[in-house]
Amino acid sequence: MTTFAFAPAARETAKAWIAHQGPGKTKTALRIAEGLGKGDLLARVGTRPRRP
């Protein structure tokens with residue numbers, strides 16, 4: 001049987017790797033960024049050309 005040792009959580013400087021698939025990717029990404037930013041400024045840069 002495996003034994004686990006519990007320790008207090010520690011905040012690290014690790015970066016999040018998040019993948020999105022399907023509809024609603026932009027909205028979801030903005031909501032995640034808003035939560036991670038904790039009230040800081042947020043910018044969205046569009047790299048795809050607009051469709052007619």
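Residues numbered from 1 in each chain as written. Predicted model: local features only at pLDDT ≥ 70, side-chain atom pairs only at ≥ 80, totals over all residues. Heavy atoms only, no water.

(A) The overall build of the protein chain, seen in detail. Secondary structure summary: the protein chain contains one helix and zero strands in total. A compact globule built from 52 residues would reach a C-alpha radius of gyration of about 10 Å, whereas the protein chain, at 18 Å, exceeds it by more than 25%. Seen through its principal axes, the protein chain has C-alpha atoms that stretch 60 × 30 × 15 Å. Within the protein chain, the proportion of its 52 residues that are buried is 0%. (Helix = DSSP H or I, 4+ residues; strand = E, 2+ residues; numbered from the N terminus. Rg over C-alpha atoms; globule rule 2.2 N^0.38 Å. Buried < 20%, exposed > 50% of the residue type's maximum accessible area, 1.4 Å probe, protein only.)

(B) Seen up close, helix α1 (residues 25-37). An ideal rise of 1.5 Å per residue puts 18 Å on 13 residues; α1 measures up with 18 Å between its terminal C-alpha atoms. Backbone geometry just downstream of α1 places lysine 38 in the positive-phi region, at approximately 55°. (Expected span 1.5 Å × (residues − 1).)

(C) Region of the structure containing the layout of surface pockets. The space that makes up the largest pocket amounts to roughly 270 Å³. Per-class residue counts for the lining of the largest pocket are two nonpolar, three polar and four charged. (1 Å grid on protein atoms, 1.4 Å probe; cavity = no way out; pocket = protein on both sides within 12 Å on 5 of 7 lines; lining within 4 Å. Points joined across faces, edges and corners; volume = space filled by probe spheres on them. Nonpolar A, V, L, I, M, F, W, Y, C, P; charged D, E, K, R; others polar.)

(D) Highlighting the environment of leucine 30. As for its placement among the helices and strands, leucine 30 is situated in helix α1. Between the C-alpha atoms of leucine 30 and tryptophan 17, which are 13 residues apart in sequence, the distance is 15 Å. Excluding residues that lie within four positions of it along the chain, leucine 30 makes contacts with Leu42 and Arg44. (Contact = heavy atoms within 4.5 Å.)

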